[in-house]
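# Coordinates in review
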Amino acid sequence: MSTPIPPNWDTGADSLDRIDSYQVVGRNETRVDALKLAQGRGSFTDDIDLPGMLHLKMLWSPHAHARIRSIDTSAAEAMPGVVMVLHHGNVSRIPYTTAGQGHPEPSPYDQFIFPRKVRFVGDRVACVAAESAVQAARALAKIRVEYEVLEPVLDPHDALRPGAPVIHDEPEAFGLPDYDKAHNIAAAMHVEHGDVDAAFAEADLVLEREYSVPYQHHATAEPHIAITWLDEDQRLVVRVATQVPFHSRRILARILDFPLHRIRVVKPRVGGGFGGKQEILLEDLPALVTLRSGRPARLCLTRAEELASSRTRHPQILSWKTGVMRDGTLVAQELRVLANTGAYGAHALTVQTCTAGKTLPLYKARAYRFDMKTVYTNLPVAGAFRGYGGPQGFVAMECHMDEVAEKLGLDPLEFRRRNLIGPGHDNALAQALGEGKEGPPQRIRSCAIQECIDRGKAAIGWDRRDRLRSTGPIRRGIGMSCLMHGSGIPGVDMGSAHVKLNEDGSFNLHVGATDIGTGSDTILSQIAAETLAVPLEKVVIYSSDTDHTPFDTGAYASSTTFVSGAAVKKACEGVARQLREAAAEMWRVEGDPCTPEDLHLERGAVRRPDGRSLSYGEICLSTFYTHDQHQIMDHGSHMTFECPPPFAAHFAEVEVDTETGAIRVLRYVAAVDCGVPIHPQSCEGQTEGGVCTSLGYALSEDFIFNDAGRLLNDTYEDYKIPTALDVPEFETILVRSYEPAGPYGAKSVSEIPTDGPGPTIANAVAHALGIRFRSLPLTPEKVRKAWLKKEEARQRETEA
């Protein structure tokens, strides 16, 4: 399992000294979009109003499972202002996946623009385009649909029972080799590493427990929205709130049967994505209306539609089994996952492989086993969500680690510490758990998780755990978890950048990378400025326009800084080389020759060893008008087979009111190793935001359905997300390491914070109450019932 580090193998340890010499990287520069956003000038998708624009409204299925026998739209089409009504009878029938993933997508092609059979309450039935949103909404009531109502499948266990209704019985749907739609299986996988049965047989203790995690909605401030029109060349322009503009263009071209080169997808500012906008969810409908009518079209979901009809985090049932020796040495780990993908299978395989891939390898063992099934049900559709399987897996694993430590009588922190991987260790499951195929091998080159534990332990006051209040109605506890994630999808994700020089010594940076509020435009500009030795304001960035920026897979899988940032660095290194060559040519013509290798970049100029310099502006004017006339510019593309994990240790102190079941998180500490933080303040913001996302996952968020599969809590009054009043005292600790594969030593940071709150808070509550909860969310009702049950058991023991 563990491989010693060869003497000549670069772990980046010697490179930490470089960090303090950086001029732009590692600094809290003002964000490049800060002023316009503060002044309300940030242009979001809906911040335009085109003349003659049509407004779209959706008719959604009222049934969880039904076949559409007939649709009569004649009355709706006769309504004032109605231009057209779309439904399965008048659009093409091409199977596809809404998952915005690299081609070929490792998700089943099981969707159509409009289905003939609806598969959940909120599935597409029809779409009205009218002169106003009010007219479109009124026309919906005039559509007459005859349904053959079918038996729904509302539980993942029921989906697998013999004779269960088949949700995807259409012949066109297809998927990867383990796709078994006849048995409602959207994805499946079995992986073993080492002799698992032998390792369990040798263990002194074998512990197995089952955990369950719920639905969670993305709850973005901006709903899904798309506006489309034809430009002056009759090309289709799609302005959409998306994380994946290039995937959107590719999938639209296919399902609309429209030439890709005649589609332009533009991503403006995005009001939150969190994975939910990694889907090609609605832009096909206004695009179709525009192509048929020649007019601009707009579709924007309401909040209730967002909750019921967009995407969610995959609910899972996880069985974790651990074999361990008496001294606390792990020897075997087994994870079995039953995941609910809902009505369609976008991300059905890859979310669940990440559930295993981000968790199991964190702790060294001789053998591992992973079994997974993702099943269809007639419930809302799951998909990509920040953390992408990690939050589910860490709830199970890190709660389980606490339970194992308790059985052994060990401090849960020290038990973890002795089993964690570190520099030089191989990721045992990296190859088996690739993106729908075998992945490349991975070795850990940078890892500061032990320092994360040390600093988080000190910050939370771990050593006072045994002195916390353990009597009375208010109980306190401290819990922790260890985490790792990834940086992009190795061998799959690719980013590109283009850089050119201007006469004033500034640079235009064009990137396909997608800033969805994460600050990536600023971070990529910092990487460019550092490489070109200019202040940040000398870099003018333009991103996410399929006509004008180079390709990028998009904002997901924690790839932007690591993958797209490396592409920016490559492009800028090419420009830097050209600057040195042009300066050498200028000096040669002046009769004072030097070699480009003798020159270096500093403060917006190319300098000689003796201090003489030529400014970038002078060099640009020369190359434009005088010497070897050409544009100094370059491009860079980056794909890598490395996926260096960030690491973190999270700690929480909670207060539990046993009389009401209410849980207050008093303090939260997140110590994170993300390599070199390019923009430390942004890294802290990502960490705090990610923790807040999963605070609701731990304590309050879930979907509630009636017996017919209808979502009941489809408003923010009933779907309980945390507010500012719920956020605890927070401390982020950035623990520096240097990742040799990353630009300027950076790794990812955006997703790992979502992995921690579920298990960290659950472990803290278990410490406070002496009650182990194995399902989220930890609602007051659940806590109060468990406390009463414990008190009743104690009372019976006292009486006996």
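## Here's the deal with the overall build of the protein chain
- On a plain count of helices and strands, the protein chain comes out with 18 helices and 26 strands.
- Over its C-alpha trace the protein chain gives a radius of gyration of 28 Å, about what one expects of a compact globule, namely 28 Å for 800 residues.
- Considered along the principal axes of its C-alpha atoms, the protein chain spans approximately 105 × 75 × 50 Å.
- Here the protein chain holds 800 residues, and the buried ones make up 61% of them.
- Taking all contacts inside the protein chain whose residues are at least 6 apart in sequence as the whole, residues at least 24 apart take part in 80%.

## Considerations on the pattern of salt bridges
- Taken as a whole and judged by the stated rule, the model has 56 salt bridges.
- For Glu 131, the salt bridge goes to Arg 295, with nearest N and O atoms at 2.7 Å. Of this pair, Glu 131 sits in the loop between β5 (124-130) and α3 (133-140) while Arg 295 sits in the loop between α7 (284-293) and β12 (297-300), placing them 164 residues apart in sequence.
- For Arg 417, the salt bridge goes to Glu 414, with nearest N and O atoms at 3.3 Å. Pair noted here: Arg 417 and Glu 414 are both in helix α11 (residues 412-419), with a separation of three residues, about one helical turn.
- Salt bridges sharing common partners tie together Glu 192, Asp 197, Glu 208, Glu 334, Arg 336 and Arg 369.

## Considerations on the side chain of Thr 242
- Note on placement: Thr 242 falls in the loop between β10 (236-240) and α6 (245-256).
- Engagement of the side chain of Thr 242 in a polar contact is seen with the backbone nitrogen of Val 244, the distance being 2.9 Å.
- Residue contacts for Thr 242: discarding those within four places in its chain leaves Lys 267, Val 270, Lys 277, Thr 514 and Ile 516.

## Digging into unusual backbone geometry
- With omega at -5°, the peptide bond leading from His 103 into Pro 104 counts as cis.
- Across the junction of Leu 776 and Pro 777, the peptide omega takes the value 0°, indicating a cis bond.
- Structurally, Pro 777 can be placed in the loop between α17 (757-769) and α18 (780-799).
- Even without glycine at this site, Ser 558 takes up a positive phi of about 50°.
- For Ser 558, a relative accessible area of 7% gives the class buried.
- For Arg 603, which is not a glycine, the phi torsion comes out positive at approximately 50°.
- The topology assignment puts Arg 603 in the loop between β20 (600-602) and β21 (605-607).

## Describing helix α14 (residues 560-589)
- In a regular helix each residue adds 1.5 Å, so 30 residues correspond to 44 Å; α14 covers 42 Å between its end C-alpha atoms and thus fits that length.
- With respect to burial, α14 is a largely interior element, 21 of its 30 residues being buried.
- Once α14 ends, the next one or two residues include Gly 591, with phi positive near 80°.

## Things to note about the domain arrangement of the protein chain
- Domain parsing of the protein chain yields domain 1 (45-150 + 224-300), domain 2 (316-489 + 642-793) and domain 3 (493-638).
- Taking only C-alpha atoms, the centre of domain 1 and the centre of domain 3 are 40 Å apart.
- Residue-level contacts link 22 residues of domain 1 with 20 residues of domain 3.
- When the buried surface of domain 1 facing domain 3 is broken down by residue, Gln 243, Phe 246 and Lys 267 rank first, second and third, together holding 41% of it.
- The tally of links from domain 1 across to domain 3 stands at four salt bridges.
- Here domain 1 and domain 3 share nine residue pairs in polar contact (both at pLDDT 80 or more) between them.
- Going through the elements one at a time, α6 and β11 (263-266) are the ones with two or more residues in the side of domain 1 that touches domain 3.
- Classifying every residue of the side of domain 1 that touches domain 3 gives eight nonpolar, nine polar and five charged.

Procedures and definitions
Residues numbered from 1 in each chain as written. Predicted model: local features only at pLDDT ≥ 70, side-chain atom pairs only at ≥ 80, totals over all residues. Heavy atoms only, no water. Helix = DSSP H or I, 4+ residues; strand = E, 2+ residues; numbered from the N terminus. Rg over C-alpha atoms; globule rule 2.2 N^0.38 Å. Buried < 20%, exposed > 50% of the residue type's maximum accessible area, 1.4 Å probe, protein only. Contact = heavy atoms within 4.5 Å. Salt bridge = Lys/Arg side-chain N within 4 Å of Asp/Glu carboxyl O. Polar contact = N/O pair within 3.5 Å; in protein donor to acceptor, adjacent residues only side chain to side chain. Expected span 1.5 Å × (residues − 1). Domains from an automatic or database assignment. Buried area = accessible area lost by both parts, 1.4 Å probe. Nonpolar A, V, L, I, M, F, W, Y, C, P; charged D, E, K, R; others polar.

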